[in-house]
Amino acid sequence: MTHIISFANQKGGVGKTTSAVNLAACVAALGHSTLLIDLDPQGNSSSGVGVNKKKIKNSMYEVILGECSLADAIQKTPYSNLSVAPATISLAASEFELISMDNRELALKKQIESLEEEFEYIFIDCPPSLSILTLNALTASHGVVIPMQCEYFALEGLTQLMLTIKKVKQHYNPALSVTGILITMYNGRLNLSAQVMHELKKYYGDKLFREPIARSVKLSEAPSFGTPIYYHDKYSKGSLSYMDAAKELIERTI
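Residues numbered from 1 in each chain as written. Predicted model: local features only at pLDDT ≥ 70, side-chain atom pairs only at ≥ 80, totals over all residues. Heavy atoms only, no water.

Caption draft 1: Structural context of the overall build of the chain. Each helix and strand in the chain was counted, giving 12 helices and 7 strands. Taking 2.2 N^0.38 as the reference for a compact globule, 254 residues should give roughly 18 Å; the C-alpha atoms of the chain span a radius of gyration of 17 Å, in line with that estimate. Dimensions of the chain along its principal axes, counting C-alpha atoms only, are 50 × 40 × 30 Å. Within the chain, the proportion of its 254 residues that are buried is 57%. Put simply, of all contacts in the chain between residues at least 6 apart along the chain, 78% involve residues at least 24 apart. Counting every atom, the chain has about 11,500 Å² of accessible surface; 52% of that belongs to carbon and sulfur. Both charge centroids of the chain, one from 24 positive and one from 25 negative side chains, sit 6 Å from each other. (Helix = DSSP H or I, 4+ residues; strand = E, 2+ residues; numbered from the N terminus. Rg over C-alpha atoms; globule rule 2.2 N^0.38 Å. Buried < 20%, exposed > 50% of the residue type's maximum accessible area, 1.4 Å probe, protein only. Contact = heavy atoms within 4.5 Å. Areas by Shrake-Rupley, 256 points an atom, 1.4 Å probe, with all protein chains shown as cover. Lys, Arg positive; Asp, Glu negative; His and termini not counted. Charge placed at Lys NZ, Arg CZ, Asp CG, Glu CD.)

Okay, structure coming up:
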């Protein structure tokens, strides 16, 4: 069975793309064939695995609008068992073009169904908004990983996202569930972090990944090399943290 997981948070700058890229690379490094779908018009997931966006022939823009198949957009990366369906800024225009389409929330789901059996895991990096693209991702997915920081505004955003997931589950995708909440950019020395973690454990204890992802210089610099942290510095704190999270994610999806 293919496990389809969206990485979603409407708040930007929370480590969503960093988590999608690095968990995809780590799950792939553990021997699982993995596809990373970049559904964010910023295209940072594509850059994060070394894609030269100037040389993209078919992107997720063409896929979403049915101008090419998902298979035609997929590129192999230099990293073991990891492929990517890249995005460029043109994907932003699809939001407007999808509005007039019938069953617009199913555009991605139909594309994924055509090649589900080729991958064990399909990770979807959503845009940082509760948009039609995010709706497409949630409708196509079995689970959602929610990366978030230990901040009070993040708690408010989490409540809104949980309501959105509930509505998508009711109206479009009964199989959808929250795979887990992944704390990113964690600083255990801050009282605020401890307070927010207390609240999260109180209300979402079973959904929290066991270990948060701490702030890391190596983790921050890896995207500038177009390299996941596992391949940039295998034994760095960030790499070890994401590998632990990848193993837990696999446990959660078995």
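Here the narrative resumes, following the displayed structure.
Caption draft 2: Up close: the packing of aromatic side chains. Counted by the stated rule, this structure contains 4 aromatic pairs. For the pair F7 and F123, a centre-to-centre distance of 5.3 Å together with 70 degrees between the ring planes defines the contact as edge-to-face. Here F7 is found in strand β1 (residues 3–7), whereas its partner F123 is found in strand β5 (residues 121–125), with 116 residues between them in sequence. This pair shows no difference in class: F7 is buried, exactly as F123 is. A centroid spacing of 5.0 Å and a plane angle of 85 degrees characterise the contact between Y230 and Y231, whose relative ring orientation is edge-to-face. (Phe/Tyr/Trp six-rings, centres within 6.5 Å; stacked < 30°, edge-to-face > 60°.)

Caption draft 3: Fine view of the sheet that holds strand β4 (residues 82–85). Taken in spatial order, the 7 strands line up as β3-β4-β2-β5-β1-β6-β7 in an open sheet, and their pairing is mixed. The sheet is open, and its two edges are formed by β3 (75–76) and β7 (177–183), each paired on a single side. Across 5 bridges, the pairing between β1 and β5 is parallel. By the bridge assignment for β5, I4 is matched with I122. Sheet strands touched by helix α1 (residues 16–29): β1, β2 (34–38), β4, β5, β6 (143–148) and β7. Its angle to β5, the strand with the most contacts, is close to 165 degrees. (Pairing = 2+ DSSP bridges. Axes fitted to C-alpha atoms, helices over the stretch in contact; angles between N-to-C directions.)

Caption draft 4: Highlighting the nonpolar core. With 51 residues, the main nonpolar core has I37, M60 and L200 as its most contacted residues. For this core, the element with the most residues is helix α8 (residues 152–171), which contributes 7 residues. In this structure M60 touches I37, D38, L39, L70, A85, P86, A87, L91 and L108, once residues within four positions along its chain are discounted. Ranked by size, the runner-up nonpolar core spans 33 residues in total, among them F7, A20, A24 and Y121. (Core = buried A, V, L, I, M, F, W, Y, C linked by side-chain atoms within 4.5 Å.)

Caption draft 5: Layout of unusual backbone geometry. For N81, which is not a glycine, the phi torsion comes out positive at approximately 65 degrees. Structurally, N81 is set in the loop between β3 and β4. What makes N81 partly exposed here is its relative accessible area of 37%. Even without being glycine, M185 reaches a positive phi, approximately 50 degrees. Secondary-structure assignment places M185 in the loop between β7 and α9 (191–204). Accessibility expressed as a relative area gives 26% for M185, which makes it partly exposed.

Caption draft 6: Spotlight on the pattern of salt bridges. Counted according to the given criterion, the structure contains 9 salt bridges. For D125, the salt bridge goes to K16, with nearest N and O atoms at 2.7 Å. Here the residue D125 occupies a position in strand β5, and K16 occupies one in helix α1, the gap between them amounting to 109 residues. A single burial state applies to D125 and to K16, both of which are buried. Between E221 and K218 there is a salt bridge, with the nearest N and O atoms lying 3.5 Å from each other. Taken together, the residues span about one helical turn, with E221 and K218 both in helix α10 (residues 217–221) at a distance of 3 residues. Residue classification places E221 among the partly exposed residues on the basis of a relative accessible area of 27%. When salt bridges that share partners are traced, they join R210, E248, E251 and R252 into one network. (Salt bridge = Lys/Arg side-chain N within 4 Å of Asp/Glu carboxyl O.)

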